[in-house]
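Coordinates in review
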Amino acid sequence: LPWPAPVLDGAGGPGARVGAFLFAGGARNAAFGLNGTGQNCSIEANRRTVRLTRVAITNFSAVAVGGLPGQGGAILGAFANVIIDDSIISNCSATDSGAGLQLIEDSTTTITNSVIAGCSAATGAAITMFGGDLNASSTSFLANQVPGGARGAALTTAPSAASASARFTAVV
């Protein structure tokens, strides 16, 4: 990464229950005509788009509160289109899942020329994805940890009720 780039530092304290740095949620009801909402526009038009270029996101933490899980230490995307390029996500944590990123509800994510390092969660330390598409190229996953040897230091993925599939593509 050519520096100086903006450094967004959560200072290591508890930030939020979900998406301690950023929560991005799309309009699933409008996309699919759910819960009494008429269908409006295309699926893609209803996904919340977030584009992060040349930033460092560090030391954010998602913490469980009142019996609800701490998810998405840095970023949580729910029915979102998340694009990360030439960036670093480091030293983030989540008490439950997705210390770097938690992607749910058929989110689409593209990560290029980036690093996710030193993140820690009970499962899916770097990335947890429940349904959707994740494309990573020229991206490094370094020293991410799941204490106690649980699942997915780099990636935990599964289909969800919102999406019948979970796809991960890595281009080296």
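Just so we're clear, the structure is a prediction, and the values are computed from it rather than from any experiment. (Residues numbered from 1 in each chain as written. Predicted model: local features only at pLDDT ≥ 70, side-chain atom pairs only at ≥ 80, totals over all residues. Heavy atoms only, no water.)

To continue, consider the overall build of the protein. Per the secondary structure count, the protein includes two helices and 16 strands. When burial is assessed residue by residue, the protein has 41% of its 172 residues classed as buried. For the protein, the share of sequence-separated contacts (at least 6 apart) that also reach a separation of at least 24 residues comes to 80%. Approximately 7,700 Å² of the protein is accessible, and the part contributed by carbon and sulfur atoms is 55%. (Helix = DSSP H or I, 4+ residues; strand = E, 2+ residues; numbered from the N terminus. Buried < 20%, exposed > 50% of the residue type's maximum accessible area, 1.4 Å probe, protein only. Contact = heavy atoms within 4.5 Å. Areas by Shrake-Rupley, 256 points an atom, 1.4 Å probe, with all protein chains shown as cover.)

Moving on to the pairing of strand 9 (residues 93-97). Alignment of strand 5 (residues 61-62) against strand 9, held across two bridges, turns out to be parallel. The partner of Ala-62 across the bridge, within strand 9, is Ala-94. (Pairing = 2+ DSSP bridges.)

So, about the pairing of strand 7 (residues 80-85). Judged by how many residues are buried, strand 7 sits mostly within the fold: five of six residues are covered. The pairing of strand 3 (residues 48-53) with strand 7 spans six bridges and is classified as parallel. Paired with Thr-49 across the bridge in strand 7 is Asn-81.

The subject of this paragraph is the sheet that holds strand 5. The strand order 5-9-12 describes an open sheet built from three strands, whose pairing is parallel. Edge strands, defined here as strands with exactly one partner in the open sheet, are strand 5 and strand 12 (120-123).

Okay, the environment of Ala-117 next. Here Ala-117 shows up in strand 11 (residues 115-117). On the basis of relative accessible area, Ala-117 is assigned to the buried category, the value being 17%. For the pair formed by Ala-117 and Ala-143, sequence separation is 26 residues and the distance between their alpha carbons is 5.7 Å. The residues touching Ala-117, leaving out its near neighbours within four places in the chain, are Ile-89, Ser-90, Asn-91, Leu-142 and Asn-144.

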